[in-house]
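# Coordinate analysis (summary)
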Amino acid sequence: ILFKIFSGKYPVGQPAPEARVHFRVARFIMEASVKLGMRSIPIATACTIYHKFFCETSLDACDPYLIAMSSIYLAGKEEEQHLQTRDIINVSNRYFNPSGEPLELDSRFWELQDSIVQCQLLMLRVLRFQVSFQHPHKYLLRYLLSLKNWLNRHSWQRTPVAVTAWAVLRDSYHGGLCLRFQAQHIAVAVLYLALQVYGVEVPAEKPWWQIYTTDTEIP
């Protein structure tokens, strides 16, 4: 287990349910990706690759953190933000062992690097090379711009609807929501939740979300 490789010990406590494990690993993907300088779309792709892979196999079959590191590597290639495996390894080591020393370039390091490369090839085969996804981000951006024009300036400026909606969308990638629903529907759902949190009403002849859930494809 990579946690043991990096920190020298297993996680404390009893084994968590699968959903909790995936939540924890998705958090690792997000935090490691940010430290690697990845943009929001590649991070979303990495999380989606991870969740999609475990829709095809079980946690018992693979180390989830190795899959996570390989997902980051794959997402970087897919979204044209290429990363070096050594950078992924170093950031991961710092994540698990924040006060420790960087890994030395010994046999253990090269074995881990080879594991990431071989693992991403396995993942591509398992996923049938389908690692390109449509994310809700472009829809949410369009919806937010439309709502900004609908609402009066005071209502928009005094409530952080946009910030909250983006935060909810980011957090949704902790689970497999991205695989269960269409991208535009997820965008509508997170925006609806943000509006409900702050009690903001949208002036429209019919519910605004009905307009957006029947929206056409955004090029």
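Fair warning: this is a prediction, and the values are worked out from it, not measured in the lab.

Conventions used here
Residues numbered from 1 in each chain as written. Predicted model: local features only at pLDDT ≥ 70, side-chain atom pairs only at ≥ 80, totals over all residues. Heavy atoms only, no water. Salt bridge = Lys/Arg side-chain N within 4 Å of Asp/Glu carboxyl O. Helix = DSSP H or I, 4+ residues; strand = E, 2+ residues; numbered from the N terminus. Buried < 20%, exposed > 50% of the residue type's maximum accessible area, 1.4 Å probe, protein only.

It is worth spelling out the pattern of salt bridges at this point. Per the stated rule, a full pass over the model turns up two salt bridges. Of the charged contacts in the structure, one is a salt bridge between Glu-31 and Arg-27, with a shortest N-O distance of 4.0 Å. Of this pair, Glu-31 and Arg-27 both sit in helix α2 (residues 18–35), four residues apart, roughly one helical turn. By relative accessible area, which is 31% here, Glu-31 ends up partly exposed. For the salt bridge of Arg-128 with Glu-56, the shortest nitrogen-to-oxygen distance reads 3.5 Å. Of this pair, Arg-128 sits in the loop between α6 (107–126) and α7 (137–150) while Glu-56 sits in helix α3 (residues 40–56); the two residues are 72 residues apart in sequence, bridging distant segments of the chain. The class for Arg-128 is partly exposed, based on a relative accessible area of 49%. You can call Glu-56 partly exposed: its relative accessible area is 42%.

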